Amino acid sequence: MSPEDTITPAQAAMIAGIGIVAGGIYLWPQPTIQAGGQTAGWAVLAAGPMMMAALALWNALLRPWRGSDLGTVLSAALGLLGRLLTWWYAVLLILYMAAVGSLFGTLSSEVLAPRTPAPIFIVFAAGVGAWAATLRLPTLGRLAQLWATIAGVLTIAIGAVGVRNLHWPSATLPVIPLHLAPVVNAMLREVYLWVPYPLLLTLVRRTNSPFRHVPRAVWISVWAQWALLIWLYALTVGTLGTWPVRELRWPTVFVYELIEVSSFLITQVGVLVVVVWTVVFITFWAANMWHIGVLLRGKARAADPRVVLAATALSVALGCVLQLFPAFTTQLLSADLSVAIALWTATSLGCLGVRVLVGRRASLGS
Amino acid sequence: MRRVRAASAFLLLCLTLLTGCGPLSINEQAIVLAVSLDPDRAGWRWTFMFPNPTLTPSSEASIHTSQEFSVLSVGGATFGDAVDAVQSAIDRKVFLGLCQVVVLNPRLPAEMVRRLLTTLVRTSAFPHRAWVTFGEPTASELLTTTMPEEAAPTVYLAAYFKCRDCHSPASEVRIWEAWDSLVLPSRTAVLPLASRAQGRVMVQRVAWLGPNGIQVLTPSETQGWAILANRLGQGSVSVFSGAERFTVRRVSLHSQVIPQSNGEIAVNVLGTGTIDEGGPYTASQVALVQQRVADELASSCMAALHAMQRNRVDPLAVATRRSWTDGGFPAPDVPAHVAVHVQFRVVRAGYLY
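Residues numbered from 1 in each chain as written. Chains lettered and ligands numbered in written order. Predicted model: local features only at pLDDT ≥ 70, side-chain atom pairs only at ≥ 80, totals over all residues. Heavy atoms only, no water.

Some thoughts on the domain arrangement of chain B
All names here are of chain B.
Here comes step 1: By the assigned domains, chain B splits into domain 1 (2-216) and domain 2 (222-349).
Here comes step 2: Placing a centre on the C-alpha atoms of domain 1 and another on those of domain 2 gives a separation of 33 Å.
Here comes step 3: Taken together, the 20 residues of domain 1 in the interface contact 25 residues of domain 2.
Here comes step 4: For the pair domain 1 and domain 2, the summed buried area comes to about 1700 Å², and 62% of that belongs to carbon and sulfur atoms.
Here comes step 5: On the domain 1 side of the interface with domain 2, the three residues burying the most area are P185, S186 and W208, jointly 36% of the side's total.
Here comes step 6: The tally of links between domain 1 and domain 2 comes to zero salt bridges.
Here comes step 7: Inspection of the domain 1/domain 2 interface yields nine residue pairs in polar contact (both at pLDDT 80 or more). (Domains from an automatic or database assignment. Contact = heavy atoms within 4.5 Å. Buried area = accessible area lost by both parts, 1.4 Å probe. Salt bridge = Lys/Arg side-chain N within 4 Å of Asp/Glu carboxyl O. Polar contact = N/O pair within 3.5 Å; in protein donor to acceptor, adjacent residues only side chain to side chain.)

Here's the deal with the packing of aromatic side chains
Here comes step 1: Scanning all chains against the criterion turns up 19 aromatic pairs over all chains.
Here comes step 2: Taken together, a centroid distance of 6.5 Å and an interplanar angle of 85 degrees make the contact between A:Y26 and A:F281 edge-to-face. Taken together, the residues span a long stretch of sequence, with A:Y26 in the loop between α1 (9-24) and α2 (30-36) and A:F281 in helix α13 (residues 270-297) at a distance of 255 residues. A:F281 shares its class with A:Y26; the two are buried.
Here comes step 3: Relative to B:F126, the ring of B:F79 lies with its centre 5.9 Å away and its plane at 90 degrees, an arrangement referred to as edge-to-face. With B:F79 in helix α2 (residues 79-89) and B:F126 in the loop between α3 (110-122) and β7 (131-135), the pair connects residues that are 47 residues apart, well separated along the chain.
Here comes step 4: Ring pairing ties together the aromatic residues A:Y26, A:Y96, A:F104, A:F281, A:F284 and A:W285, which thus form one cluster.
Here comes step 5: A cation over an aromatic ring shows up here: B:R174 above the ring of B:W131, its NZ or CZ 4.0 Å from the ring centre. (Phe/Tyr/Trp six-rings, centres within 6.5 Å; stacked < 30°, edge-to-face > 60°. Helix = DSSP H or I, 4+ residues; strand = E, 2+ residues; numbered from the N terminus. Buried < 20%, exposed > 50% of the residue type's maximum accessible area, 1.4 Å probe, protein only. Lys NZ or Arg CZ within 6 Å of the ring centre and 35° of its normal.)

Things to note about empty space enclosed by the protein
Residues and elements named next belong to chain A.
Here comes step 1: Counted according to the given criterion, the structure contains five cavities of 30 Å³ or more.
Here comes step 2: Size it by volume and the largest cavity reaches roughly 230 Å³.
Here comes step 3: Broken down by secondary-structure element, the contributors of at least two residues to the lining of the largest cavity are α5 (80-112), α12 (251-257) and α13.
Here comes step 4: The class makeup of the residues in the lining of the largest cavity is 12 nonpolar, four polar and no charged. (1 Å grid on protein atoms, 1.4 Å probe; cavity = no way out; pocket = protein on both sides within 12 Å on 5 of 7 lines; lining within 4 Å. Points joined across faces, edges and corners; volume = space filled by probe spheres on them. Nonpolar A, V, L, I, M, F, W, Y, C, P; charged D, E, K, R; others polar.)

Describing the interface of chain B and chain A
Here comes step 1: Between chain B and chain A, the residue contacts involve 36 residues of the former and 35 residues of the latter.
Here comes step 2: Summing both partners gives a buried area of about 3000 Å² for chain B against chain A, and 66% of it is carried by carbon and sulfur.
Here comes step 3: Contact with chain A buries surface across chain B, with B:R129, B:W176 and B:W324 losing the most and accounting together for 26% of the total.
Here comes step 4: Applying the counting criterion to the chain B and chain A interface returns one salt bridge.
Here comes step 5: Taken together, the links from chain B to chain A amount to four residue pairs in polar contact (both at pLDDT 80 or more).
Here comes step 6: Those elements that provide at least two residues to the side of chain B that touches chain A are α1 (2-17), α3, α6 (175-183) and α9 (318-326) of chain B.
Here comes step 7: Considered class by class, the residues forming the side of chain B that touches chain A number 17 nonpolar, eight polar and 11 charged.

What to know about the pairing of strand β9 (residues 200-210) of chain B
Residue and element names in this part refer to chain B.
Here comes step 1: Pairing geometry for strand β8 (residues 189-197) and β9, over nine bridges, is antiparallel. Each residue of the ladder has a partner; that of A194, found in β9, is V203.
Here comes step 2: In this antiparallel pair of consecutive strands, β8 and β9, the connection spans two residues, and Q198 shows a positive phi of 50 degrees.
Here comes step 3: As paired strands, β9 and strand β10 (residues 213-216) are joined by four bridges and run antiparallel to one another. Note that in β10 the partner of W208 across the bridge is Q215.
Here comes step 4: Between β9 and β10, which pair antiparallel and follow one another directly, the connecting turn spans two residues. (Pairing = 2+ DSSP bridges.)

Some details on the side chain of B:H128
Here comes step 1: As for its placement among the helices and strands, B:H128 is situated in the loop between α3 and β7.
Here comes step 2: Looking at B:H128, the relative accessible area reads 6%, which means it is buried.
Here comes step 3: A polar contact of 3.3 Å, which involves the side chain of B:H128, links it to the backbone oxygen of B:T123.
Here comes step 4: Contact partners of B:H128, with chain neighbours within four places excluded, come to A:F254, A:E257, A:L258, B:L120, B:V121, B:T123, B:R174, B:I175 and B:W176.

So, the pattern of salt bridges
Residues and elements named next belong to chain B.
Here comes step 1: Throughout the structure, instances matching the rule amount to 10 salt bridges over all chains.
Here comes step 2: Between R92 and D91 there is a salt bridge, with the nearest N and O atoms lying 3.5 Å from each other.
Here comes step 3: Given the relative accessible area of 26%, R92 is considered partly exposed.

Remarks on the environment of A:V222
All names here are of chain A.
Here comes step 1: For V222, the position within the fold is in helix α10 (residues 214-240).
Here comes step 2: Classification of V222 as buried rests on a relative accessible area of 0%.
Here comes step 3: Separated by 22 residues in the primary sequence, V222 and L200 have C-alpha atoms spaced 9.4 Å apart.
Here comes step 4: When near neighbours in sequence (up to four residues on either side) are disregarded, V222 contacts G48, M51, M52, L55, W194 and L200.

Some details on the sheet that holds strand β13 (residues 264-275) of chain B
Two pairing modes exist for strands in a sheet, parallel and antiparallel, and in both the strands are linked by backbone hydrogen bonds.
Residue and element names in this part refer to chain B.
Here comes step 1: The strand order β11-β12-β13-β14 describes an open sheet built from four strands, whose pairing is mixed. The open sheet has two edge strands with one neighbour each: β11 (235-241) and β14 (337-349). For this sheet, the mean inter-axis angle between neighbouring strands, taken without regard to orientation, is 35 degrees.
Here comes step 2: Pairing of β13 with β14 involves 12 bridges; the strand directions are parallel. Across the sheet, the residue bridging to G273 is V346, located in β14.
Here comes step 3: Packed onto the sheet, helix α7 (residues 219-228) meets β11, β12 (244-259) and β13 and runs at close to 55 degrees relative to β12.
Here comes step 4: Contacts from helix α8 (residues 283-311) reach β11, β12, β13 and β14, with the element oriented near 150 degrees to β14. (Axes fitted to C-alpha atoms, helices over the stretch in contact; angles between N-to-C directions.)

A look at the sheet that holds β8(B)
All names here are of chain B.
Here comes step 1: With respect to topology, eight strands assemble into an open sheet ordered β4-β3-β2-β6-β7-β8-β9-β10, the strand pairing being mixed. Lying at the two open borders of the sheet, with one neighbouring strand each, are β4 (69-75) and β10. Going from strand to strand, the sheet's axes swing by 30 degrees on average, the running direction of each strand aside.
Here comes step 2: With seven bridges joining them, strand β3 (residues 43-51) and β4 adopt antiparallel strand pairing. In the sheet register, W46 faces β4, and the bridge partner there is V74.
Here comes step 3: Relative to β9, α3 is tilted by about 100 degrees, and along the sheet it contacts β2 (34-40), β3, β6 (101-104), β7, β9 and β10.

Now the structure itself:
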């Protein structure tokens, strides 16, 4: 890998930020509240530490092996099994992209342009995203840096205007005493937020200072995403209260649409956030398709365009079908994919753990 | 190079196909500014209000306010039916996205109002920030009463509700807020009741929309509710002390509703106000006025609390607040016993600064 094909830790953090949280926010925080009711606050607080614990485990277990992405590292460590795990993840990711793509299409055709059918949005946004995915990583990094900053600042700044609508601030506080069963249920329903997290593990291996700064930038990325999720949860629940959120399909969009600034050029500035997240969706698509392109046919310079195209075509086709079944899509994303990514993580970490133990015993024996 | 060219072609295609603009110009749309709903012998009567399509910026100054709007009444079992009926009766595309106010007849069944609010919140083409109010004598009559200062495309009632800190009580409520209150455990929404008085349209009373129907409050009960809900704004209170009438202005109150574990509701009200006219006053005169104002405020609070007990509603969202801390979905909380304690202080009286 030549130095000009590496990215800075900040860029890695921003690509990962967009590549992960931009897919999760579509239903957020509806599934968690559906499962946990008033106890969902605890699950929201646990979302960040849950991810950080998984990352710490990955970091510790992958230390002995080198590679330019997660796929090569897994192959180096586990051989054919590693290859299988990579493919397993790729299938999960394609399903995930299809579900998020269908949500994006449905939302756009409901909120942005009511007379345009959802598949048109999916095809165009995914098309632009796939093209961006074939660019070199530093270009993608700069794209992510620009839009992560704009989207993050706008989401929080415009949301801050909506503090006027916070009728139920005390509804955001977690219930005491803590009952474990609903909290665990609510946590399970939010794991889907982190489905593309292996992107972090690949990006770590593409930065220009892999040993010193990267973990810090990665931690900050997870922290920032967690903060954004907490912010959106607090804004939604604080405005509507816990129970009404369950009745809405797009609670966050609903709350942002209520924000009004009468002295501004556009009175409904909240819609601006929705527009910006459309651009962010393209970057989200690019980041994850780049990841599939690298994982399945990794080259040092860029993702394989043929893999990117095939994965995009598959996801878009699936997404166009899924948008016809909104209830099934919600279920697939928040329940099935949550369980699937948890299983994949547990299996991968388990295999790696065994491999590390075996390796240590072998080195002790010799 | 070939890839760049292909990408530019694709982007150009996006640019032309995804402009985000509808194919309809503003002259081809019938923009709904307000909707009202009344019960009718045959079912429901929906009235839709549009800006007068012949209105131009130059003609606006010369025509009468009553001609700035046009209305259309239709029947229909649901909101969707009514929109369809309107659509088939006019030559333009009906556009709901700029609706400012929804006026409802207080004699409607509560279930109908509840269903309508849910429908409006579920309709993504309908602005959830629009105001909702009850109107009398009928909703459509109130909607079509024009005020001289009304200027299209702003509907008078929308401008009235938008004026923050202007009216006492501050009872304005948006559609999403009313819907929200109905879905929360207390299941009670408080809607203003706009009515005509001395040729003007104004809001002096509110109505409760609860599980047991719609109750229109008296002015005294409305004042009590406003005190309890901290929605009084900057009002004034007139009391008689001896033979003299005192008007205490700039009344600013802060009330605290404390549900007790035995089902009692204890209310503490702290307030201040000024007497701007007359004077100078002696300390004992001021003390007497303070006592009278406190009594007056306490009696309207009691009136509102008794109305809550009588109608078995929870407009102060006691049950909702309880659900945040205990996590359940409790039934609407109706106070078994009530106790009100008011402390009032006149901070400035007459010439005494």
